[in-house]
Amino acid sequence: MPVYGEFVMRFEVVSERVSRVRADVLVLPCCAGRDGAAEMGPGCAEAAAALGIDLTRTLRGRGCTGEVGDTFTTLTLGRLAAAELLVIGTGDGGPGAVREAALRAAGEMTRGATIAAVLPAAGRHGQRELAAAFAEGLLLGGYRFDRYRHRPLTPDQRPPVTENVRVLTDAANVADVADVSAGLRRGQIVAELTNWVRDLVNASPSDSTPEDMAQRGRELAASHGLSCSVLTVPELRAGGFGGILGVGQGSRHEPRLVELGYRGGEGPVIAMTGKGITFDSGGLSLKRDAEIEWMKSDMAGAATIMAVLRGVAELALPVTIEAAIPFAENMPGGSAQRPGDVITHRGGRTSEVRDTDAEGRLIIADAVAYLAERGPATLVDVATLTDAAGLGEDLWAVLGTDERQIGELIEAGREAGDPGWRMPLPRSYRRYLTSAVADLRNTPAGVPDTTVMAATYLSEFTGGVPWMHIDNGSTAYLDRAGVLWPEGATGSPVRALLRWVERFATKCR
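Fair warning: this is a prediction, and the values are worked out from it, not measured in the lab.

What the rule picks out here adds up to 0 disulfides. Cysteine 30 forms no disulfide, and the closest cysteine sulfur to it belongs to cysteine 64, at a distance of 4.2 Å. Free of any disulfide, cysteine 44 has its nearest cysteine sulfur in cysteine 30, 6.5 Å distant. Taking relative accessible area as the criterion, cysteine 44 reaches 0% and is therefore assigned buried.

The final tally for this structure, using the stated rule, is 35 salt bridges. Taking the shortest distance from any N to any O, the salt bridge between glutamate 12 and arginine 166 comes out at 3.6 Å. Here the residue glutamate 12 occupies a position in strand E1 (residues 10-14), and arginine 166 occupies one in strand E7 (residues 164-168), the gap between them amounting to 154 residues. Its salt-bridge partner being arginine 503, residue glutamate 415 comes within 2.7 Å of it at the nearest N-O pair. Taken together, the positions of glutamate 415 in helix H12 (residues 403-416) and arginine 503 in helix H14 (residues 494-507) put the pair 88 residues apart, joining distant regions of the chain.

So, on to the sheet that holds strand E18 (residues 440-441). Paired through their backbone hydrogen bonds, the strands of a sheet run either parallel or antiparallel. On the basis of which strands lie adjacent, the open sheet formed by 3 strands has the order E13-E14-E18 and mixed pairing. Each having just a single partner strand, strand E13 (342-344) and E18 make up the two edges of the open sheet.

With that settled, consider helix H4 (residues 127-141). Between its first and last C-alpha atoms H4 spans 21 Å; for 15 residues at 1.5 Å apiece the expected length is 21 Å, and the two agree. Most of H4 sits inside the fold, with 13 of its 15 residues counted as buried.

Quick look at the packing of aromatic side chains now. As enumerated under the stated definition, the model contains 6 aromatic pairs in all. Judged by centre distance (5.1 Å) and plane angle (85°), the ring pair of phenylalanine 241 and tyrosine 370 falls under edge-to-face. With phenylalanine 241 in the loop between helix H7 (233-239) and helix H8 (242-248) and tyrosine 370 in helix H11 (residues 360-372), this residue pair connects regions lying 129 residues apart in the sequence. Taken as a pair, phenylalanine 241 and tyrosine 370 share a single burial class, namely buried. Ring centres of tryptophan 294 and tyrosine 477 lie 6.1 Å apart, and the angle between their planes is 0°; on these two criteria the pair is classed as stacked. Of this pair, tryptophan 294 sits in the loop between helix H9 (289-292) and helix H10 (300-314) while tyrosine 477 sits in strand E20 (residues 477-478); the two residues are 183 residues apart in sequence, bridging distant segments of the chain. Of the residues examined, tryptophan 294 reaches a relative accessible area of 16% and is grouped as buried. The buried category is assigned to tyrosine 477, whose relative accessible area is 11%. The cationic tip of arginine 310 hangs over the ring face of tryptophan 196; the distance from NZ or CZ to the ring centre is 5.1 Å. For the cation-ring pair, arginine 374 lies above tyrosine 370, with the distance from its terminal atom to the ring centre recorded as 4.6 Å.

Rules of the game
- All residue numbers refer to positions counted from 1 along the written sequence of the respective chain.
- The model is predicted, so local features are restricted to residues of pLDDT at least 70 and side-chain atom pairs to those at 80 or more, both for listing and for counting; the totals for chains, interfaces and linings are taken over all residues.
- For side-chain calculations, the full set of non-hydrogen atoms in the structure is used, while hydrogens and water are omitted.
- Our working definition of a disulfide is a cysteine sulfur pair at a distance within 2.5 Å.
- The rule is simple: take the accessible area with a 1.4 Å probe, protein chains only, and divide by the maximum for that residue type; under 20% is buried, over 50% is exposed, in between is partly exposed.
- Within this document, salt bridges are pairs made up of a side-chain nitrogen of Lys or Arg and a carboxyl oxygen of Asp or Glu, the two lying within 4 Å of each other.
- Labels follow the DSSP assignment, with helices taken as runs of H or I lasting at least four residues and strands as runs of E lasting at least two, numbered in each case from the N terminus.
- When DSSP finds at least two bridges between two strands, those strands are taken to pair.
- Helix span is expected to be 1.5 Å times the residue number reduced by one.
- Aromatic rings from Phe, Tyr and Trp, taking only the six-membered ring of Trp, are treated as a pair when their centres fall within 6.5 Å; an angle between ring planes under 30 degrees marks them as stacked, one over 60 as edge-to-face, and anything in between as tilted.
- Cation placement over rings: the criterion is NZ of Lys or CZ of Arg within 6 Å of the ring centroid and within 35° of the ring normal.

Rendered as structure tokens:
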């Protein structure tokens with residue numbers, strides 16, 4: 001599979017004095033002190049002595065308190081073997097703070113070909129976790145999507161030039177070296193998965209048609225030992241997938257359903273699906289210009305599920321996953337479905353299509369019903385269905401019936417630095433989806449269409465299987481730059497979902 005935004009960095013663990021390590025940039029940590037002054041981390045005293053400066057006083061004079069986001073840079077003028085010193089604030093020194101600090105300072109760190117870095121003191125956190133957080137943050141923060149660029153880039157748009165990252169540690173402790181190496185590898189895997197999703201979502205929608213995405217599924221399966229089958233229109237019609245067919249019928253690019261499977265154990269099966277609308281015009285219920293221009297992002301849920309399958313294979317997790325991922329393009333062509341059409345989903349349930357722009361739930365309903373037939377231990381869908389959760393750009397929403405797993409997912413997202421929030425799913429709201437001509441309607445009558453209403457609709461197709469619905473409509477793609485992420489795809493919630501799968505696998509052993 002072609003890779004556009006990912007860049008290759010070689011991480012290694014070395015035993016070297018801070019004052020003697022050769023690098024373009026030497027990165028040292030400082031933490032937030034109780035008195036508002038930065039507390040020097042490992043290596044800072046040695047660097048300060050070599051430079052002949054009072055680093056604590058210098059940081060205080062620059063307003064650096066050690067909080068995440070604080071940085072201080074100086075040339076070493078030959079007094080250190082490294083050409084430049086960069087001190088970054090790591091807050092409380094925990095994995096979450098280190099991840100965010102590396103992400104926010106990645107642009108400053110990656111100006112040279114070689115980085116040498118010292119991690120914060122382990123404290124109650126292990127070196128493995130800190131190393132993983134550092135590598136993950138560095139790669140996430142250094143991401144640039146430049147596949148389509150032709151003209152020279154401005155400095156803040158240029159991709160990193162860093163090729164080697166050397167993490168300094170005490171080689172006398174073999175266990176520490178092994179932990180740091182393992183952590184760096186894990187952080188690199190997680191970040192590369194996330195950046196892969198960002199590549200898929202940021203790509204031109206003309207390069208990401210349903211068949212293009214199906215081909216990516218085939219390539220992913222071939223490279224990672226997954227099973228794969230692709231259902232085309234004849235098979236979809238024979239299988240009763242009326243939601244996928246109805247949404248895709250207005251486009252010249254025919255819909256697909258991609259089935260991917262990973263078998264890493266003999267335990268309970270996780271079933272997964274994700275919304276794969278490769279471009280959403282709204283259909284005949286056409287979107288406004290301000291919204292339609294970033295609707296290439298409507299396949300972020302599907303990309304997330306593909307990345308999770310890739311991740312479990314690369315991490316060799318002892319778990320079994322079956323995924324059915326629908327892809328369609330929602331266009332207002334002459335054969336497009338109309339408001340008022342009635343479609344028949346997989347399993348026979350019918351929907352009155354009141355709004356052709358509420359199309360994601362129609363294709364996910366088919367996939368959920370299909371997967372529920374297999375009786376999995378739990379069923380998960382990820383979809384950019386709405387932006388009406390009211391949680392903003394930092395939190396995805398989760399709703400469903402699997403109470404225990406919802407709690408596990410929220411905790412996994414917190415650990416992964418990809419947080420979400422649980423929302424209620426009142427059964428009484430089902431009355432708003434009553435249709436006069438079908439089993440239900442795809443948008444509610446008399447009340448606004450929200451994240452809760454979309455999930456209520458999907459709950460009708462789960463067949464009683466324990467189920468979680470993740471709505472990443474607000475977090476998957478930013479139409480303006482935020483504190484942590486530039487404009488474009490974020491990869492959310494792949495890190496949270498992968499961490500949840502890890503926890504699931506551990507508890508099922």
